[in-house]
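# Close look at the chain arrangement
What follows is each chain in one-letter form.
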Amino acid sequence: MLIIPELETVVLQPPRTGSTSLRDAVLNRYPLSFTPYRHMERDGIPIGYDRWKTICIVRHPADRLASLYRYMKRFSSTTSIASEVWMRRMSEDVDRPFSEWLWESREIFTDPVDHDGTFIPRYAVRHPMPITRKSLWFWARPDLGPVELLKLEDAPAIEARLGVRMERSNASKDCAAIEACASVTEFLAHRHDWDLSFYAD
């Protein structure tokens, strides 16, 4: 979550929607901006700031989940500030084919409770649930009022809207082919139909 007082705007950043590069660009451009949470949803916007304009960055669910899968596969102690225990747990979770991971994973990627029971407020979320099943609806929450949805696939539109220039600093590498199969298509239609609606032809 990015709060930008200069624009009276809150930007919601689900995992694998360019959150690191956008955060860095915004913090560099707007000195009053800050990030109270990493991946908080809309109903976790601090009181008062919830009256400002709300933007949610969205990404095609197939690409977003494939990016997350690849990201979890490439963890190392030099590429993440997360605990070794958390990284090992996530890595073990993706030690299976992509379609199987989608259907069977129960890992809460945005879990603010560390392995030793420590609660880390920066990683708090209002709706902890298995990340493969968590639709972008939980971040955008259109039922709470108008929200502007910006597609990650249209980076120039995001940059123009926020007046920044993004550098891809944490992009997942295409380290493994992701299968496109009926099982994946069925899963996305079942769990991410709201997300898919923005990408219908």
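Residues numbered from 1 in each chain as written. Predicted model: local features only at pLDDT ≥ 70, side-chain atom pairs only at ≥ 80, totals over all residues. Heavy atoms only, no water.

### Examining the overall build of the protein chain
To keep it simple, the criterion reads: Every helix listed is a DSSP run of H or I at least four residues long, and every strand listed is a run of E at least two residues long, numbered separately from the N terminus. With a 1.4 Å probe rolled over the protein chains alone, any residue whose accessible area is under 20% of its type maximum counts as buried; one over 50% counts as exposed, and the rest are partly exposed. Here, two residues are considered to be in contact whenever any of their heavy atoms come within 4.5 Å of each other. Only the protein chains shown count as covering a residue, and every accessible area follows the Shrake-Rupley method with a 1.4 Å probe.
Looking only at helices and strands, one finds eight helices and four strands in the protein chain. Secondary structure elements of the protein chain occur, N-terminal to C-terminal, as β-β-α-β-α-α-α-α-β-α-α-α. Each of the 201 residues in the protein chain was classed as buried or not, and the buried ones make up 45%. When contacts within the protein chain are restricted to residue pairs at least 6 apart in sequence, those whose partners lie at least 24 apart make up 74%. Split by element, the accessible area of the protein chain, about 10100 Å² in all, is 52% carbon and sulfur.

### Some details on the confidence of the model for the protein chain
To keep things clear, this is the line we draw: Known as pLDDT, the predictor's confidence for each residue is given on a scale from 0 to 100.
When the pLDDT values of the protein chain are averaged, the result is 90; 90% of them are 70 or greater. Under a pLDDT of 50 for its full length, residues 172–176 has, in the predicted model, 10 contacts with residues more than four places off or in other chains.

### Some details on the packing of aromatic side chains
The condition that has to hold: Each Phe, Tyr or Trp ring, with Trp reduced to its six-membered ring, pairs with another whose centre is within 6.5 Å; inter-plane angles below 30 degrees give stacked pairs, above 60 give edge-to-face pairs, and intermediate values give tilted ones. A ring is considered to have a charge above it if a Lys NZ or an Arg CZ atom is located within 6 Å of its centre and within 35 degrees of its normal.
Taken as a whole and judged by the stated rule, the model has nine aromatic pairs. Here W137 and F138 contribute two aromatic rings whose centre-to-centre distance is 5.3 Å and whose plane-to-plane angle is 90°, an arrangement assigned as edge-to-face. Since its relative accessible area comes to 29%, W137 is described here as partly exposed. For F138, a relative accessible area of 21% translates into the label partly exposed. Among the aromatic residues, those joined into a cluster by ring pairs are F34, Y49 and W52. The aromatic ring of Y71 is capped on one face by R16, whose charged end is 4.4 Å from the ring centroid. Just above the ring of Y199 sits the side chain of K151; from NZ or CZ to the centre is 4.6 Å.

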